[in-house]
Amino acid sequence: MGFFQKEETVFEKKDILLGELNYDSPTGTCYDNVLTFSFPVKKNRVLRVEVKSDKTIDAVIARPDASAAFQALGIKESVLGPVDTKDNTEMGILIGLIPGDRATVSLRAWTDSR
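Definitions and limits used
- Residues numbered from 1 in each chain as written.
- Predicted model: local features only at pLDDT ≥ 70, side-chain atom pairs only at ≥ 80, totals over all residues.
- Heavy atoms only, no water.
- Helix = DSSP H or I, 4+ residues; strand = E, 2+ residues; numbered from the N terminus.
- Rg over C-alpha atoms; globule rule 2.2 N^0.38 Å.
- Buried < 20%, exposed > 50% of the residue type's maximum accessible area, 1.4 Å probe, protein only.
- Contact = heavy atoms within 4.5 Å.
- Core = buried A, V, L, I, M, F, W, Y, C linked by side-chain atoms within 4.5 Å.
- Polar contact = N/O pair within 3.5 Å; in protein donor to acceptor, adjacent residues only side chain to side chain.
- Salt bridge = Lys/Arg side-chain N within 4 Å of Asp/Glu carboxyl O.

A.B. asks: Residue-level account of the overall build of the protein chain, with values.
C.D. replies: On a plain count of helices and strands, the protein chain comes out with zero helices and six strands. Along the protein chain, helices (α) and strands (β) appear in the sequence β-β-β-β-β-β when read from the amino end. Against the compact-globule benchmark of 13 Å for 114 residues, the protein chain has a radius of gyration of 15 Å, which places it among compact chains. Seen along its three principal axes, the alpha-carbon backbone of the protein chain occupies a region of about 50 × 25 × 20 Å. Per-residue burial for the protein chain yields a buried fraction of 38% across its 114 residues. Excluding contacts between residues fewer than 6 apart, the proportion of contacts in the protein chain whose partners are at least 24 apart in sequence is 73%.

See the structure below:
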């Protein structure tokens, strides 16, 4: 990281319970096995997402048009990216696992200049 580059945390959430039983889950599986989080970003920055989980999960960095900017399958600890935010002012993270499995996940997303 250069002298004038400043890392800015844009999203952070710890101890997310993924795969909990939920009879009202929008997934239709009675489990919260897919969770989504959106957050604001600045244009023309580089986005990275740190994922830490006690079990293997799948994670995706998504653009506002629902396309995948970066995808990682079967990870426990990883940094996803770098992803160029381009003209986007909002991006998101999707995390998921197989219905019936459970995981505790922590996420941190940050941007810095290109």
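What follows continues from the structure just given.
A.B. asks: I'd like to hear about the nonpolar core, residue by residue, with values.
C.D. replies: Phe39, Val51, Ile57, Ile95, Val105 and Leu107 are the most contacted members of the largest nonpolar core, which has 26 residues in total. Counting only elements with at least two residues in this core, the list comes to β1 (8-18), β2 (34-40), β3 (45-62), β4 (68-84), β5 (90-96) and β6 (103-113). Residue contacts for Val51: discarding those within four places in its chain leaves Ile57, Ala59, Ile75, Lys76, Glu77, Ser78, Leu80, Val105, Ser106 and Leu107.

A.B. asks: Which residues make up the environment of Ile75, and what are the values?
C.D. replies: When you line up the elements, Ile75 lands in strand β4. A relative accessible area of 12% means that Ile75 is categorised as buried. As for Ile75 and Val46, which are separated by 29 residues in sequence, their C-alpha atoms are 21 Å apart. What Ile75 contacts, discounting residues up to four positions off in sequence, is Val51, Lys55, Thr56, Ile57, Ala59 and Leu80.

A.B. asks: Could you give an account of the side chain of Asn33, naming the residues involved and the relevant values?
C.D. replies: Residue placement: Asn33 occurs in the loop between β1 and β2. Residue Asn33 is classed as buried on the basis of its relative accessible area, which comes to 6%. Among the polar contacts listed, one links the side chain of Asn33 to the side chain of Thr29, at a separation of 3.2 Å. Setting aside anything within four residues of it in sequence, one finds Asn33 in contact with Leu18, Gly19, Thr27, Ile95, Gly96, Leu97, Ile98 and Pro99.

A.B. asks: Outline the pattern of salt bridges, listing residues and values.
C.D. replies: Any two side chains of opposite charge can pair, on the condition that their charged atoms come close. Tallied over the entire structure, the rule returns seven salt bridges. Ionic pairing is found between Lys14 and Glu12, a salt bridge with its closest N-O pair at 3.8 Å. Through salt bridges with shared partners, one network takes in Glu7, Glu50, Lys52 and Arg108.

Read these as spatial facts, not as claims about activity.
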